[in-house]
Amino acid sequence: HMKGAIFDLDGVIVDTAKYHFLAWRELAKELGFEFTEEHNERLKGVSRVESLRILLDIGGIEASEAEQQRMAQEKNDRYVQFISQLDESELLPGVRQYLTGLRERGVGIALGSASKNAEFILERLHISGLFDAVIDGNKVSKAKPDPEVFLKGCEALGLAPSACVVFEDAAAGVEAGKAAGCSVVGIGRPDILAEADLVVGGLADLVE
Ligand code: G16
Ligand code: MG
């Protein structure tokens, strides 16, 4: 019986991956190499600094700590410009209906995201009010597949992990949810999210 629900952001609530991609691709272009959508798959659910490390590795580029900080900042400035344009129309199908239905049933709702821009994105999408707690990249020190983000989500909801369900689109996120002791609903491909207890195409599939 689900008492709490913890949602990943990118890929579950909204497709911000396309904006991360555009911002990373610009940076790669400046550095003199092409960054493809296939490369971008490797960055989903991964933190900003780790994403940069992967990108530099793809480009075969070495950079000092200070240069890396500058690059991450530059990428984020571009990304923030893109997400400043977000509105409700970019909510993935079924999101508002599903979360509203959960609230009506008294289920606690939390966000569990690696993004440091999560609060801003929820505001842009006009769904901040649907969440009882927001655990994001500013509140965790260990990235998924570490369970920290979801354990903090359960704690913020005042619930045991066994009473909570995690909704995730990335394999590392599914792993993190299971490691926290939650049930996990995978959003996306069953072959990639095999560890999940259930896999659906999107939250729209769960709306009654
Ligand atoms: C998201 C994205 C990742 C991104 C990360 C950090 O994770 O999937 O691609 O690198 O957030 O984002 P930011 O640079 O905004 O801090 P999630 O956990 O919401 O899927
Ligand atoms: Mg995700």
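Thresholds applied
- Residues numbered from 1 in each chain as written.
- Chains lettered and ligands numbered in written order.
- Predicted model: local features only at pLDDT ≥ 70, side-chain atom pairs only at ≥ 80, totals over all residues.
- Near = placed C-beta within 6 Å.
- Nonpolar A, V, L, I, M, F, W, Y, C, P; charged D, E, K, R; others polar.
- UniProt positions renumbered as here; feature names shortened; annotations may be inferred.
- Buried ≥ 20, exposed ≤ 12 C-beta atoms within 10 Å, placed from the backbone.
- Contact = placed C-beta atoms within 7 Å.
- Helix = DSSP H or I, 4+ residues; strand = E, 2+ residues; numbered from the N terminus.
- Axes fitted to C-alpha atoms, helices over the stretch in contact; angles between N-to-C directions.
- Parallel < 35°, antiparallel > 145°, perpendicular 65-115°, else oblique.
- Pairing = 2+ DSSP bridges.

1. Points about the site of ligand 1
Next, step 1: Around ligand 1, a shell composed of 19 residues is seen, among which Leu 9, Asp 10, Ser 113, Ala 114 and Ser 115 lie nearest.
Next, step 2: Of the residues in the shell around ligand 1, the class split is four nonpolar, 10 polar and five charged.

2. Looking at the UniProt feature "active site" (unreviewed entry) in the protein chain
Next, step 1: Those residues carrying the UniProt feature "active site" (unreviewed entry) are Asp 8 and Asp 10 in this numbering.
Next, step 2: Residue class for Asp 8 comes out buried when judged on the 27 C-beta atoms lying within 10 Å of it.
Next, step 3: Setting aside residues no more than four positions away along its own chain, Asp 8 makes contact with Gly 112, Ser 113, Phe 167, Glu 168, Asp 169 and Gly 173.
Next, step 4: Along the chain, Asp 10 falls in the loop between β1 (4–7) and α1 (17–31).
Next, step 5: If we skip the residues at most four places from it in the chain, Asp 10 touches Thr 16, Ala 17, Lys 44 and Ser 115.

3. Overview of the packing of helix α3 (residues 48–59) against helix α4 (residues 65–83)
Next, step 1: Following both chains from N to C, one finds α3 and α4 inclined at 110 degrees, their axes separated by 10 Å at the closest point. Classified by the angle their axes make, α3 and α4 are roughly perpendicular. Across from Arg 48, Val 49 and Leu 52 in α3, the residues of α4 making contact are Gln 68, Met 71, Ala 72 and Asn 76.
Next, step 2: The residue makeup of the contact of α3 with α4, split by class, is four nonpolar, two polar and one charged.

4. Regarding the UniProt feature "binding site: Mg(2+)" (unreviewed entry) in the protein chain
Next, step 1: The residues that UniProt annotates with the feature "binding site: Mg(2+)" (unreviewed entry) are Asp 8, Asp 10, Glu 168 and Asp 169. The named residues occupy 162 residues along the chain; their greatest pairwise C-alpha distance, 8.9 Å, places them in one compact cluster.
Next, step 2: Structurally, Asp 8 is set in the loop between β1 and α1.

5. Structural notes on the sheet that holds strand β5 (residues 183–187)
Next, step 1: A sheet is described by the order of its strands in space; here six strands give the open sequence β3-β2-β1-β4-β5-β6, paired in parallel fashion. Across the chains shown, the open sheet's two edge strands, defined by having one partner strand only, are β3 (133–135) and β6 (198–200). Sheet twist, expressed as the mean angle between neighbouring strand axes with direction ignored, is 20 degrees.
Next, step 2: Relative to β5, strand β4 (residues 164–168) is paired through four bridges, and the arrangement is parallel. Its bridge partner being in β5, Val 165 is matched across the sheet by Ser 183.

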